[in-house]
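Fold and geometry: a report
Each chain is listed here by its residues.
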Amino acid sequence: MLIFSKNILIILLLLASVNLYSQDSTTTVDTTKQKMFEWFAFPFIFYTPEVNFAFGAGGIAYFRTSMKKGTRPSKIISSAYYSINDQYLVSLTPSVFFNRNRNEASSEIYFEKKIDEFYGIGNNSSEISTPDYQYENFSVSARIKQEFLGKLKVVAVYEFMNYYIADIRENPYLNNDVIYGSDGGVNSGLGYGITLDNRNNIFYPSHGTLLEFNAVYFASVFGSDYNFDRYIFDLRYYRALSKNNDIIALQGYAAHTIGSSPFYALPKLGGQHMMRGYYEGRYRDKNYLTAQIEYRKTLLNRINFILFLGFGDVGKDLNDFSLPKLKYSFGGGLRYVLDENEKLNIRVDIGYGDSVGFYFGVEEAF
């Protein structure tokens with residue numbers, strides 16, 4: 001009950017804080033016109049199993065590179081937070097469309113100091129009394145997409161991660177050097193991908209499909225300390241059930257690694273986007289399969305709510321996956337509509353899995 005009360009208080013604070021955005025909310029907007037530039041800034045406070053309570057500030061700027069009808073909005077999202085247990089994260093995630101959506105360049109840049117928990121590898125790893133360790137990380141990923149055939153695009157990918165384990169504390173796996181990657185190191189890899197995206201809106205789609213596949217090869221020739229391959233499949237489907245924008249969103253996701261991946265780069269179950277309510281990394285292995293469904297509905301003017309249900313698991317190979325033993329998560333959340341024309345939302349979610357997570361973000365979880 002205490003956690004629930006704190007979550008409600010935080011939601012109210014968040015909804016009160018959105019008056020900091022740049023445009024006066026009483027201004028009448030011409031929905032027939034595309035905005036060339038807009039931005040919002042906001043403070044936030046949240047709680048997740050990974051970070052504990054944290055506070056910070058973020059912002060999003062979105063713009064169009066052309067006034068031609070149908071040009072998708074490009075965006076630059078920035079965020080920084082500090083937690084009560086001395087963790088921090090600074091992130092910058094730009095995504096820019098060119099040439100009437102035929103080309104897209106995007107990246108994710110993170111600088112962080114975190115306390116993580118490591119319970120070993122596998123979907124049935126046991127609880128231990130001292131799972132904590134501390135790390136620092138600087139990572140960059142970049143993607144360039146080129147239209148190939150209709151909505152189909154080919155993708156070039158580069159990823160870099162410099163992962164430093166600052167304090168292994170009393171973690172039994174890292175103290176005994178029995179886990180590959182316990183010394184940290186650099187991951188650097190090149191890859192390719194394919195994307196098919198016919199969603200009607202990138203911020204809050206009500207119909208359409210997003211299909212993404214990418215493969216990244218980490219090797220010493222690219223400056224990596226580890227040699228392994230990673231493959232990711234991500235399928236999303238959206239459909240409006242009524243004219244009132246009751247929307248069903250579906251996602252299926254699979255990650256597969258081959259070779260000698262360090263433990264910190266293995267696919268992880270949990271987090272703020274998938275399997276909300278699980279500590280991200282509580283379960284990790286070479287393979288990760290998950291699916292989730294989300295129901296989205298307009299509640300009041302500028303207020304929406306969602307309900308979600310997810311299933312997933314990790315495993316060394318397909319034999320480790322069993323339908324009766326799949327882990328599940330469920331929960332709900334509220335949305336405050338920052339921009340009614342673009343359908344851009346601030347989200348707050350409460351997820352229940354093997355723990356309780358309270359998540360804050362701009363845009364939807366998927």
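Notes on the structure follow.

About the thresholds
- Residues numbered from 1 in each chain as written.
- Predicted model: local features only at pLDDT ≥ 70, side-chain atom pairs only at ≥ 80, totals over all residues.
- Heavy atoms only, no water.
- Helix = DSSP H or I, 4+ residues; strand = E, 2+ residues; numbered from the N terminus.
- Rg over C-alpha atoms; globule rule 2.2 N^0.38 Å.
- Buried < 20%, exposed > 50% of the residue type's maximum accessible area, 1.4 Å probe, protein only.
- Pairing = 2+ DSSP bridges.
- Phe/Tyr/Trp six-rings, centres within 6.5 Å; stacked < 30°, edge-to-face > 60°.
- Lys NZ or Arg CZ within 6 Å of the ring centre and 35° of its normal.
- Salt bridge = Lys/Arg side-chain N within 4 Å of Asp/Glu carboxyl O.
- Polar contact = N/O pair within 3.5 Å; in protein donor to acceptor, adjacent residues only side chain to side chain.
- Contact = heavy atoms within 4.5 Å.
- Patch = residues over 30% accessible without salt bridge, like charges linked within 9 Å, V, L, I, M, F, W, Y side chains within 5 Å.
- Areas by Shrake-Rupley, 256 points an atom, 1.4 Å probe, with all protein chains shown as cover.

Quick look at the overall build of the chain now. Helix and strand counts for the chain come out as 2 helices and 18 strands. Its C-alpha atoms give the chain a radius of gyration of 21 Å, near enough to 21 Å, the size a compact globule of 366 residues would have. When the backbone C-alpha atoms are referred to their principal axes, the chain occupies close to 65 × 50 × 40 Å. By residue count, 52% of the 366 residues in the chain fall in the buried class.

Attention now goes to the pairing of strand 15 (residues 303–315). Two elements, strand 14 (residues 287–300) and strand 15, share 13 bridges in a ladder whose sense is antiparallel. Counted as the bridge partner of Thr298 is Asn304 from strand 15. Here strand 14 folds back onto strand 15 in antiparallel fashion, the turn holding 2 residues, of which Arg302 has a positive phi close to 70 degrees. Bridge count between strand 15 and strand 16 (residues 327–339): 10 bridges; the pairing is antiparallel. Counterpart to Asn304 in the pairing with strand 16 is Arg335.

What follows concerns the packing of aromatic side chains. Taken as a whole, this structure holds 28 aromatic pairs when the rule is applied. Aromatic pair Phe118 and Tyr173: ring centres 5.6 Å apart, planes at 70 degrees, arrangement edge-to-face. In this pair, Phe118 is assigned in the loop between strand 5 (103–117) and strand 6 (132–149) and Tyr173 in helix 2 (residues 172–175), connecting sequence segments 55 residues apart. We classify Tyr173 as partly exposed; its relative accessible area is 25%. Where Tyr133 meets Phe263, the ring centres are 5.8 Å apart and the plane angle is 65 degrees; that geometry is what we call edge-to-face. In this pair, Tyr133 is assigned in strand 6 and Phe263 in the loop between strand 11 (247–259) and strand 12 (268–269), connecting sequence segments 130 residues apart. Grouping residues by exposure puts Tyr133 and Phe263 together as buried. An aromatic cluster of at least three residues, connected via ring pairs, comprises Phe118, Tyr133, Tyr135, Tyr163, Tyr173, Tyr180, Tyr226, Phe263 and Tyr264. One cation-aromatic arrangement involves Arg282 over Tyr119; the distance from NZ or CZ to the ring centre is 4.0 Å. One residue, Lys327, lies across the ring of Tyr283, its end atom 4.4 Å from the ring centre.

Okay, the pattern of salt bridges next. Inspection of the entire model under this criterion finds 25 salt bridges. A salt bridge links Arg230 to Glu159; the nearest nitrogen and oxygen atoms lie 2.7 Å apart. With Arg230 in strand 10 (residues 228–240) and Glu159 in strand 7 (residues 152–167), the pair connects residues that are 71 residues apart, well separated along the chain. Among the charged side chains, a network of salt bridges with common partners joins Arg276, Glu294, Arg296, Arg335, Arg347, Asp349 and Glu364.

What follows concerns the side chain of Arg282. Along the chain, Arg282 falls in the loop between strand 12 and strand 13 (283–284). For Arg282, a relative accessible area of 3% puts it in the buried group. Only 2.8 Å separates the side chain of Arg282 from the side chain of Ser125, close enough to count as a polar contact. A distance of 3.2 Å separates the side chain of Arg282 from the side chain of Glu127, its partner in a polar contact. Residues contacting Arg282, with those up to four places away along its chain left out, are Tyr119, Ser125, Ser126, Glu127, Leu269 and Asp354.

What follows covers the environment of Phe358. Along the chain, Phe358 falls in strand 18 (residues 356–362). Using a relative accessible area of 0% as the deciding quantity, one classes Phe358 as buried. Sequence separation between Phe358 and Ser79 is 279 residues, and the spatial gap between their C-alpha atoms is 17 Å.

Residues Tyr237, Leu250, Ile293, Leu309, Phe311, Tyr328, Phe330 and Tyr352 make up a contiguous nonpolar surface patch of about 690 Å² in total accessible area. Of all the secondary-structure elements, those providing two or more residues to the nonpolar patch are strand 15 and strand 16. In this fold, Leu250 is placed in strand 11. Classification of Leu250 by relative accessible area gives partly exposed; the value is 33%.

The backbone of Asn99 sits at a positive phi, close to 55 degrees, despite the residue not being glycine. On the basis of relative accessibility, which here comes to 46%, the residue Asn99 falls in the partly exposed class. One non-glycine residue, Arg100, adopts positive backbone phi at about 55 degrees. Residue placement: Arg100 occurs in the loop between strand 4 (88–98) and strand 5. Owing to a relative accessible area of 42%, Arg100 belongs among the partly exposed residues under this scheme.

Shape is all these values report; function is a separate question.
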